[in-house]
Protein chains: 2
Amino acid sequence: MLEKAELGRTLEKADYKAQLPQLRAELLTVQRQLQESRHAVIIILEGVDNASEAEVANKLNEWLDTRGLEFFAFGPKTDEELQRPRFWRYWRSLPARGRIAILSGSWYTGTLMEQALDRKTPETVHQHLQRIAFFESMLARDNVIILKFWLHKSRSQQKKFLDDLDKKQHKRWGVTETDYQLLKAHDKLISAAELTIRTTDSAEAPWMIVEAADARYCNMTVAGSILKALKNRLANPNRPHDLAGQTGMTILSDRSILSTLDMHARLPDDDEKSLKHYQNKLMALSWEAFHKKRSLVVVFEGWDAAGKGGAIRRIIRAVDARMCRVIQIAAPTDEEKAHHYLWRFWRHIPLAGHATIYDRSWYGRVLVERVEGFAKDHEWRQAYLEINEFEQQLIDHGVILAKFWLHITPEEQLKRFQEREATPYKQHKITDEDWRNREKWGDYEQAVQDMVVRTSTQEAPWELVPANDKPYARVEVLKRLCERLENGLKG
Amino acid sequence: MLEKAELGRTLEKADYKAQLPQLRAELLTVQRQLQESRHAVIIILEGVDNASEAEVANKLNEWLDTRGLEFFAFGPKTDEELQRPRFWRYWRSLPARGRIAILSGSWYTGTLMEQALDRKTPETVHQHLQRIAFFESMLARDNVIILKFWLHKSRSQQKKFLDDLDKKQHKRWGVTETDYQLLKAHDKLISAAELTIRTTDSAEAPWMIVEAADARYCNMTVAGSILKALKNRLANPNRPHDLAGQTGMTILSDRSILSTLDMHARLPDDDEKSLKHYQNKLMALSWEAFHKKRSLVVVFEGWDAAGKGGAIRRIIRAVDARMCRVIQIAAPTDEEKAHHYLWRFWRHIPLAGHATIYDRSWYGRVLVERVEGFAKDHEWRQAYLEINEFEQQLIDHGVILAKFWLHITPEEQLKRFQEREATPYKQHKITDEDWRNREKWGDYEQAVQDMVVRTSTQEAPWELVPANDKPYARVEVLKRLCERLENGLKG
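Residues numbered from 1 in each chain as written. Chains lettered and ligands numbered in written order. Predicted model: local features only at pLDDT ≥ 70, side-chain atom pairs only at ≥ 80, totals over all residues. Heavy atoms only, no water.

Caption draft 1: A look at the overall build of chain A. Scanning chain A from terminus to terminus reveals 20 helices and eleven strands. Expected size for 491 residues packed as a compact globule is a radius of gyration near 23 Å; at 24 Å, chain A falls within 12% of this value. C-alpha atoms of chain A, sized along the principal axes, occupy 70 × 50 × 45 Å. For chain A, the residues scored as buried account for 58% of the 491 residues in total. The long-range share in chain A, meaning contacts at least 24 apart out of those at least 6 apart in sequence, stands at 83%. On chain A, roughly 21300 Å² of surface is accessible, and the fraction owed to carbon and sulfur atoms is 49%. Across chain A, the mean location of the 75 positive side-chain charges is 1 Å away from that of the 72 negative side-chain charges. (Helix = DSSP H or I, 4+ residues; strand = E, 2+ residues; numbered from the N terminus. Rg over C-alpha atoms; globule rule 2.2 N^0.38 Å. Buried < 20%, exposed > 50% of the residue type's maximum accessible area, 1.4 Å probe, protein only. Contact = heavy atoms within 4.5 Å. Areas by Shrake-Rupley, 256 points an atom, 1.4 Å probe, with all protein chains shown as cover. Lys, Arg positive; Asp, Glu negative; His and termini not counted. Charge placed at Lys NZ, Arg CZ, Asp CG, Glu CD.)

Caption draft 2: Expanded view of the side chain of Arg420 of chain B. All names here are of chain B. Within the secondary structure, Arg420 is located in helix α17 (residues 410–422). Salt bridges are absent for the buried Arg420, whose nearest opposite-charge side chain, Asp434, sits at 5.2 Å. Setting aside residues up to four positions removed in sequence, Arg420 forms contacts with Ala305, Lys426, Gln427, Lys429 and Ile430. (Salt bridge = Lys/Arg side-chain N within 4 Å of Asp/Glu carboxyl O.)

Caption draft 3: Layout of helix α6 (residues 122–141) of chain B. Residues and elements named next belong to chain B. If you check α6, its first and last C-alpha atoms are 28 Å apart, about what 20 residues at 1.5 Å a residue would give, namely 28 Å. Those residues of α6 that sit buried are Val125, His126, His128, Leu129, Arg131, Ile132, Phe135, Glu136, Met138, Leu139 and Ala140. With its phi angle positive at about 70°, Asn143 sits one or two positions after the end of α6. (Expected span 1.5 Å × (residues − 1).)

Caption draft 4: Expanded view of the relation of the copies chain B and chain A. Expressed as a screw operation, the relation of chain B to chain A combines 0.0 Å of axial shift with a rotation of 180°, fitting to an RMSD of 0.0 Å. What the rotation and shift describe, once combined, is the action of a two-fold rotation axis. An overlap of 100% is found between the interface residues of chain B and their copies at the interface of chain A, pointing to a shared contact surface. (Least-squares fit on C-alpha atoms with pLDDT ≥ 70 in both.)

Caption draft 5: Structural view of the interface of chain B and chain A. Each side of the interface is counted separately: chain B has 47 residues, and chain A has 47 residues. Interface of chain B and chain A: buried area, both sides summed, is about 4800 Å²; carbon and sulfur atoms make up 58% of it. Three residues, Trp91, Arg131 and Trp346 of chain B, lead the burial of chain B against chain A; their summed loss comes to 14% of the area buried on that side. Inspection of the chain B/chain A interface yields six salt bridges. As a salt-bridge pair, Glu386 of chain A and Arg141 of chain B come within 2.6 Å of each other at their nearest N and O atoms. Scanning the region where chain B abuts chain A turns up 29 residue pairs in polar contact (both at pLDDT 80 or more). Sorting the residues of the side of chain B that touches chain A by element identifies α3 (79–82), α4 (88–92), α6, α14 (343–346) and α16 (377–396) of chain B as the ones contributing at least two each. Per element, the largest residue contribution to the side of chain B that touches chain A is ten residues, and it comes from α6 of chain B. The class makeup of the residues in the side of chain B that touches chain A is 21 nonpolar, 13 polar and 13 charged. (Buried area = accessible area lost by both parts, 1.4 Å probe. Polar contact = N/O pair within 3.5 Å; in protein donor to acceptor, adjacent residues only side chain to side chain. Nonpolar A, V, L, I, M, F, W, Y, C, P; charged D, E, K, R; others polar.)

Caption draft 6: Structural context of the packing of aromatic side chains. Counted according to the given criterion, the structure contains 46 aromatic pairs over all chains. When the centroid spacing of 5.6 Å and the interplanar angle of 85° are considered together, the rings of Trp287 of chain A and Phe290 of chain A count as edge-to-face. Residue Trp287 of chain A and its partner Phe290 of chain A are located together in helix α11 (residues 274–291), separated by three residues, close to a single helical turn. A residue is classified by how much of its surface remains accessible, and Trp287 of chain A, at 31% relative accessible area, is partly exposed. Where Trp303 of chain B meets Trp441 of chain B, the ring centres are 3.6 Å apart and the plane angle is 5°; that geometry is what we call stacked. Placement of the pair is Trp303 of chain B in the loop between β7 (296–302) and α12 (308–316) and Trp441 of chain B in helix α19 (residues 441–455), with a sequence separation of 138 residues. As far as the burial class goes, Trp303 of chain B and Trp441 of chain B line up, both buried. The lysine or arginine in question, Arg454 of chain A, covers the ring of Tyr384 of chain A, its NZ or CZ lying 5.1 Å from the ring centre. (Phe/Tyr/Trp six-rings, centres within 6.5 Å; stacked < 30°, edge-to-face > 60°. Lys NZ or Arg CZ within 6 Å of the ring centre and 35° of its normal.)

Caption draft 7: Expanded view of a positive patch on the surface. All names here are of chain B. Side chains of Arg313, Arg317, Lys429 and Lys470 sit close together on the surface and give a patch of like positive charge. Within the secondary structure, Lys429 is located in the loop between α17 and α18 (432–439). Classification of Lys429 by relative accessible area gives partly exposed; the value is 38%. (Patch = residues over 30% accessible without salt bridge, like charges linked within 9 Å, V, L, I, M, F, W, Y side chains within 5 Å.)

Caption draft 8: Looking closely at the confidence of the model for chain A. Residue and element names in this part refer to chain A. Averaged over all residues, the pLDDT of chain A is 90; the fraction at 70 or higher stands at 97%. Within chain A, the lowest mean pLDDT, 82, falls on strand β6 (residues 250–251), and the highest, 98, falls on strand β10 (residues 400–407). The ipTM value of the predicted complex is 0.80, and its pTM value is 0.84. (pLDDT = per-residue confidence, 0-100.)

Caption draft 9: Representation of the sheet that holds strand β11 (residues 462–466) of chain A within the structure. Residues and elements named next belong to chain A. A sheet is described by the order of its strands in space; here five strands give the open sequence β8-β9-β7-β10-β11, paired in parallel fashion. Each edge of the open sheet is held by one strand with a lone partner, namely β8 (324–328) and β11. Averaged over all neighbouring strand pairs, the angle between strand axes comes to 20°, with direction disregarded. In this structure, strand β7 (residues 296–302) lies alongside β10, joined through seven bridges in parallel fashion. Opposite Val299, over in β10, you have Lys403 as the bridge partner. (Pairing = 2+ DSSP bridges. Axes fitted to C-alpha atoms, helices over the stretch in contact; angles between N-to-C directions.)

Caption draft 10: Seen up close, the pattern of salt bridges. All names here are of chain A. Under the criterion given, the structure shown has 75 salt bridges over all chains. Ionic pairing is found between Asp163 and Lys159, a salt bridge with its closest N-O pair at 2.9 Å. Here Asp163 and its partner Lys159 are both found in helix α7 (residues 155–168), four residues apart, which amounts to about one turn of the helix. On the basis of relative accessible area, Asp163 is assigned to the partly exposed category, the value being 32%. Notably, a salt bridge pairs Lys415 with Glu412, separated by 3.5 Å at the nearest N-O pair. Of this pair, Lys415 and Glu412 are both found in helix α17 (residues 410–422), three residues apart, which corresponds to roughly one turn of the helix. Using a relative accessible area of 48% as the deciding quantity, one classes Lys415 as partly exposed. Relative accessible area serves as the criterion here: at 12%, Glu412 is assigned to the buried category. Connected via shared salt-bridge partners are Glu335, Glu336, Arg344 and Arg347.

Caption draft 11: Looking closely at the side chain of Arg314 of chain B. All names here are of chain B. Locating Arg314 in the fold gives a position in helix α12. Buried and unpaired, Arg314 has Asp469 as its nearest opposite-charge partner, separated by 12 Å. Other than its neighbours up to four places away in sequence, Arg314 contacts Leu275, Gln279, Arg474 and Leu478.

Caption draft 12: Layout of the sheet that holds strand β4 (residues 144–152) of chain A. Residues and elements named next belong to chain A. Overall, parallel pairing links the six strands, which are arranged β2-β3-β1-β4-β5-β6 in an open sheet. The sheet is open, and its two edges are formed by β2 (69–73) and β6, each paired on a single side. Pairing analysis gives five bridges linking strand β1 (residues 40–47) to strand β3 (residues 100–104), with the strands arranged parallel. Bridging across to β3, Ile43 finds its partner in Ile102. Helix-sheet contacts for helix α2 (residues 50–63) involve β1, β2, β3 and β4, and the interaxial angle to β1 is about 150°. Here helix α6 (residues 122–141) sits on the sheet and contacts β1 and β4; the angle it forms with β4, its principal contact strand, is near 135°.

Caption draft 13: View of the domain arrangement of chain A. All names here are of chain A. Segmenting chain A into domains produces domain 1 (2–255) and domain 2 (259–490). Relative placement of domain 1 and domain 2: their C-alpha centres are 34 Å apart. Counting residues at the interface gives 14 residues for domain 1, matched by 17 residues for domain 2. Summed over both sides, the interface between domain 1 and domain 2 buries roughly 1400 Å², with carbon and sulfur atoms accounting for 51% of that surface. Contact with domain 2 buries surface across domain 1, with Lys4, Arg198 and Thr247 losing the most and accounting together for 40% of the total. Here domain 1 and domain 2 share zero salt bridges between them. Across the contact surface, domain 1 and domain 2 share three residue pairs in polar contact (both at pLDDT 80 or more). With three residues, helix α9 (residues 186–200) is the single largest residue contributor to the side of domain 1 that touches domain 2. Of the residues belonging to the side of domain 1 that touches domain 2, the class tally is four nonpolar, six polar and four charged. (Domains from an automatic or database assignment.)

Caption draft 14: Structural view of the environment of Tyr108 of chain B. Residue and element names in this part refer to chain B. Looking at the element boundaries, Tyr108 is found in the loop between β3 (100–104) and α5 (109–116). Sequence-wise, Tyr108 and Phe74 are 34 residues apart; in three dimensions their C-alpha atoms are separated by 10 Å. With residues near it in sequence (within four places) discarded, Tyr108 still touches Ile44, Glu46, Ile132, Glu136, Lys148, Thr196, Thr200 and Trp207. Within the structure, Tyr108 has its side chain in polar contact with the side chain of Glu136 (distance 2.7 Å).

Following this line, the structure appears as structure tokens:
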């Protein structure tokens, strides 16, 4: 999921200088309002390296009024701390009402390290993360505003950063031995961060993911989102308590994930082999899955007319019909309406070794139901967690899960709609509703962005497929499906 | 905690017959209302033996309208079920809106067995229980009313029950081999049940604990509380969502735990040795704890004038002053008020090998703050979980925790108050507030009952000490404190 944050954002020096004065003035204003309120604020900085954390912390220290501010950098435990329960030192650092605490190194650091450096079993990690989640939700109920930042860098960005410092022989950023250890363990650290973020994210104590390769961009973005969050909370002091258990995770960027896709991707006109090649591969893999009793669940979502049906047909042609079922998800039946929204999907979980392809899926809850208002606000917000838990149960049982979003541009969709209207045997495929949905393109795009960020997990990431060119999309789907199956069957 | 439910309740046949017609009529009425509502109901029966579950299930089947009712008894998984994730079969059994499902054997049965028969690590159990809690809270948000009953028997009751059946050679209750296995593992089963109940109890899916040794009493109590819960829920269809994370656990009984204490307990007049004996023992144990670096936290709660101070003085006389500190909890300071209510208690967690005695404690949240309205309803309800989590963190760190409730009768309190007023050097100990608190005796009693049920854990049970006789209470406190220390130091 975190690789989805690698959008390459930077901030030019001139822009930075232009924006800074107002940001600082507003930060001080909101801090004064905070002092009069019953809220305390905890800002948690975690990330790929200490340097970015230090950089952001220093800037916040400079921009905020230090009289209302405490700064804590937790290193190894002191003798005093070792003699008390793990959370004792954190209780000591809790800010009083009206005050802000900035934590570089926090209750997360230990568990992230332990995971990255393989020191704990998954169960112990899980239990500790649950404990953290409980702790934060308890503080949140006591009017503590908790803002958590993951300062993200890709492995290559981090390597370049350390190499540059090495060349300069100038370690003013406070690079430590641990940074080099963590660079080696980068992939594990990212897995650990993803698990941590997913388990401890909530509307009350949200995780915000920021690209940290460009310091100006990172500092400005963190400070800006602190400002926004505090303004928002102080303006709504009587926030409902029923936010608990909802996700709040966002990637802080004005560039959307979908906008990064190469929408000009085309299958070369002379490529007549790829489709067949991957279909053959899929056939072999599906038999392997059958013999290994591993089930496959495939989810298709995408814009109207994005080509889901065509892509699915290319899959089922490659798989023995006896072991693959396609479930078309339309409006729920009466019986389905009388149950929890996930009930209709649980019904069709495949037998061992079999496959179910969902043509639209449980993600309707956070797409159409969200945008059209069929689900209430708290319902679709809660759904990210419910969906993650549902999929985790599939994965824990050994099900291989693949999720595809077929992406087309509005222009391409318009072209396809017009074509459908003009083609007699395709007219039934286009309705007034399709035209209405087009008007909400922006809302849907936001919903897709949130869905991808909040439900892309290591075992079941969203595959975003540029689908303006149908042949390309079909081959791409088959190729990525083969990859997921191959990976899954290894595990 | 469950042993606190062993109150010896029974129901005479004549009373049973007298109460039954109205209960049945009301059950049918509420079931009809349910059919018109958007709620579904899940009734979970778990307990020490299958027989009680079957007994209750059969009676509910008889008393309710079977057309709106489904009954599920989950045994070992079928082939179909084994091929799907663990919860698949439970999803299939979920009732539609308007209907009731009775589950004898449920998502709890497997994990209870695994724990009782030592088949899983604590971490795996914890993770599964968290999964259950999430599942239930998800259903609850979808208007499913979940009522969970633990049908309790003591080991000796269960043994007698099985022996009697054996004599009769008449196993109409469906006693199974597992019942005998579980009798052997009774203590472990009870531990497992306590952990399970504590982890998965919530206001939305509460656990209710019923004595099952007397079938009439058990059937009637379960049916009665189903009736009460459904009436309540159907009368309040728009229940707030912010109940999540609150406890709902109750022991279903009209007899309070405090009422079972022997309030005539006295130290024999000629016993001049016991006090000294246990003080010497405590001294030795406290040095052992010091050398083993195990800390001790002791909590004293009790009625005004119950003798907390006197009991604490008898302890500190036995312990080296350098390693023991008494914290008197009065109204919070300004600094304390500016933090979470637990903050002031975390401050005083002792160093390794040292002891802290809290004269009144965090339990104020669910006692005085509840009764006097200083804490809001959702705050004190939430506090049970917060306190359990806090104490669990102490225990996980190796702290030995002992909690005493000193119990006196209202008459004894009156006598002591009057004595204080009559004795010049004791007059400062009695205030108008003390007299006012007496008027709320019943409310406090209810708060104590809930506190004992919801926060008595295996590692830190409430010690309820009859304290009408001060010498008796002091010796009893020392004795039980020695026991807890001894046990703790073994672990």
